[in-house]
Amino acid sequence: MTTVTRRVAPTPEHSTAVRFPQNFTWGTATAAYQIEGAATVDGRTPSIWDTYSHTPGRVRNGDTGDVATDHYHRWREDVEIMADLGVSAYRFSLSWSRVQPTGRGPAVQKGLDFYRALTDALLEKGIEPVVTLYHWDLPQELEDAGGWPERVTADRFADYATLAARALGDRVKTWTTLNEPWCSAFLGYGSGVHAPGRTDPVAALRAAHHLNLAHGKAVQALRAELPSYARASITLNIHHVRALTEAAEDVDAARRIDALANRVFTGPQLEGRYPQDLLQDTASLTDWSFVQDGDLAAIHQPLDFLGVNYYTPTVVSAATGEASHGSDGHGQSEHSPWPGAEVAFHRPEGSTTAMGWAVDPSGLYDLLLRLKADFPAMPLMITENGAAFDDYVNPEGEVVDPERIAYLRGHLAAVHRAIKDGVDVRGYFLWSLLDNFEWGYGYSKRFGAVYVDYPTGRRIPKASARWYADVTRTGILPDGGGEH
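Cut-off values and rules
Residues numbered from 1 in each chain as written. Predicted model: local features only at pLDDT ≥ 70, side-chain atom pairs only at ≥ 80, totals over all residues. Heavy atoms only, no water. UniProt positions renumbered as here; feature names shortened; annotations may be inferred. Helix = DSSP H or I, 4+ residues; strand = E, 2+ residues; numbered from the N terminus. Buried < 20%, exposed > 50% of the residue type's maximum accessible area, 1.4 Å probe, protein only. Contact = heavy atoms within 4.5 Å. Pairing = 2+ DSSP bridges. Axes fitted to C-alpha atoms, helices over the stretch in contact; angles between N-to-C directions. Core = buried A, V, L, I, M, F, W, Y, C linked by side-chain atoms within 4.5 Å. Phe/Tyr/Trp six-rings, centres within 6.5 Å; stacked < 30°, edge-to-face > 60°. Lys NZ or Arg CZ within 6 Å of the ring centre and 35° of its normal. Polar contact = N/O pair within 3.5 Å; in protein donor to acceptor, adjacent residues only side chain to side chain.

Q: If you had to explain the UniProt feature "binding site: substrate" (unreviewed entry) in the protein to someone new, which residues and values would you point to?
A: Listed under "binding site: substrate" (unreviewed entry) in the UniProt record, and renumbered for this structure, are Gln34, His135, Asn179, Tyr311, Trp431, Glu438 and Trp439. Within the secondary structure layout, Trp431 lies in strand β12 (residues 425–431). Looking at the element boundaries, Glu438 is found in the loop between β12 and β13 (450–453). On the accessibility criterion, Glu438 (9% relative accessible area) is buried. Here Glu438 is in contact with Gln34, Trp431, Lys445 and Phe447, once residues within four sequence places are set aside.

Written out as structure tokens, the structure reads:
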């Protein structure tokens, strides 16, 4: 059994470290396709990520999620690791293809039994299961029928939400409809660097709307099936967009990206409308006639909290004459994930992670304050935050990752500062529990607090896992540097 050996954390009497609220949720997070493996086991059929990863040239080194970290067979060990980490919650996604292989019809009980057993084990350890219905793995049959650009996919998603709620609603209190629909729409159908790999800007905008609609319909489906105390949410990768300079054209470039990255989702979901500037910016591509009467009311459902994923800020300026969307941090493609926005992206100065992303906790602080200003009544949850570094096992059999500890400490300090300044942040989920299949990067990027030796599946908690265990156990952020 793999265990996390904790160090003795400093006590408040002998430390100037900051203390988080007593009821703060400490968690970790994963996604089904990235960790489960067992791609053809117990009735599971291909998702768009199975198809995409098996397409030559799509994923680095030809990697696939066929085995991943084999969590489907090693989940008991992984639950023990979480218990040793001291987390109070675990955010994971269901594989739609495992639960409802064709995206329609009855559920597969063996698939549901896997998630029932997992949630039961979590509850036995005092860990709250937080279920995400969709983390990018659309059943391939639904993509073959048109995918997210087609309206019917939203209806299929609502049916799937009903199946999941009926199966797990007696165990799971907290539900998330979609994870980062921006990636599903604009990387999947715009730039093609994510599954299904299509490159049609209008299809990307249609997909964004139908993902919004799927979210609203799923919230309604969940509310209809779950007890009144259950919580419904969505997780957005809200970009913290900064203009390169204060020049009017750079400020306008930031506005355009903010509309496409953020307000295309927060507008309909939290305010019941699409922003007018977004419609104007994209008018040369579409008249948005795919938005039908009643859609905005269906999308605009009450939420119990908003999940926020943050890794790095986004810096933009007016277009320089050369396509530079490849510097937006979302992968290289000849096709832009930003329909209707001719702008330039810039890599911020300073230290970076193995992803090439700038380490900037101040962006998280600024983002949280912006969300409080825009949606003052909405509680927030940091549902993903973490970093990839070039981790390795040293001769002593340890994985020492001081860069990740510094990253986590800086970002947790930013969260604490935001809480002190009045932002209602309820919890923090470290991304990720395990090294795993990092989408188009395959197994070349390691985000985990736990190192995975892929040939054997062996789990080795990193130094950052021990550090995080101290934080989750005490609620105290130890000394060692602040935001940078």
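Q: I'd love a proper account of the sheet that holds strand β4 (residues 128–134), names of residues and values included.
A: Around the barrel, 8 strands lie side by side as β2-β3-β4-β5-β6-β8-β11-β12; this closed barrel has parallel pairing. Within the sheet, the average angular offset between the axes of one strand and its neighbour, ignoring direction, is 25°. Relative to strand β6 (residues 231–236), strand β5 (residues 174–179) is paired through 4 bridges, and the arrangement is parallel. Bridging from a neighbouring strand, Thr176 pairs with Ser233 of β6. Seen against the sheet, helix α13 (residues 361–374) touches β8 (305–309), β11 (380–385) and β12 and runs at an angle of roughly 150° to β11.

Q: Tell me what's going on with the nonpolar core, and back it up with residues and numbers.
A: With 154 residues, the main nonpolar core has Trp49, Leu94, Trp148, Phe157, Phe186 and Leu306 as its most contacted residues. The element that contributes the greatest number of residues to this core is helix α9 (residues 201–225), accounting for 12 residues. With residues near it in sequence (within four places) discarded, Trp49 still touches Tyr33, Val59, Trp136, His194, Ala195, Phe437, Trp439 and Gly440.

Q: Which residues make up the side chain of Thr25, and what values go with them?
A: Take Thr25: it is sitting in strand β2 (residues 25–29). Not counting chain neighbours up to four residues away, the residues in contact with Thr25 comprise Ser88, Ala89, Met381, Arg426, Gly427, Tyr428 and Phe429.

Q: Explain the sheet that holds strand β7 (residues 241–243) to me, using residue names and the numbers behind them.
A: Strand order in the open sheet formed by 3 strands is β7-β9-β10, and the pairing between neighbours is mixed. Of all the strands in the sheet, just β7 and β10 (343–346) have a single pairing partner and so form its edges. Adjacent strand axes in the sheet meet at a mean angle of 40° when their direction is disregarded. Relative to strand β9 (residues 314–318), helix α10 (residues 248–271) is tilted by about 130°, and along the sheet it contacts β7, β9 and β10.

Q: Which residues make up the packing of aromatic side chains, and what values go with them?
A: The final tally for this structure, using the stated rule, is 35 aromatic pairs. Seen from their ring centres, Trp288 and Phe290 are 5.2 Å apart, and the 40° between their planes marks the pair as tilted. Across the pair, Phe290 and Trp288 agree in class, each one buried. One aromatic cluster is present, formed by Tyr33, Trp49, Tyr52, Trp136, Phe437, Trp439, Tyr443 and Tyr454 through successive ring pairs. One Lys or Arg, Lys173, reaches over the ring of Tyr229 and ends 5.8 Å from the middle of that ring.

Q: How would you explain the UniProt feature "active site" (unreviewed entry) in the protein if you had to name every residue and give the values?
A: Per the UniProt annotation, the sites labelled "active site" (unreviewed entry) are Glu180 and Glu384. For the annotated residues, spread through 205 residues, the largest C-alpha to C-alpha distance comes to 10.4 Å, consistent with a single compact locus. Assignment of secondary structure puts Glu180 in the loop between β5 and α8 (181–191). Classification of Glu180 as buried rests on a relative accessible area of 6%. Not counting the four nearest positions on each side in its chain, Glu180 is found in contact with Trp136, Thr235, Asn237, Asn309 and Glu384. Here Glu384 lies in strand β11. Exposure remark for Glu384: the relative accessible area of 3% places this residue in the buried category. Discounting chain neighbours no more than four positions away, the residues touching Glu384 are Arg91, His135, Asn179, Glu180, Val308, Asn309, Tyr310, Tyr311, Phe429 and Trp431. There is a polar contact of 3.3 Å between the side chain of Glu384 and the side chain of Arg91.

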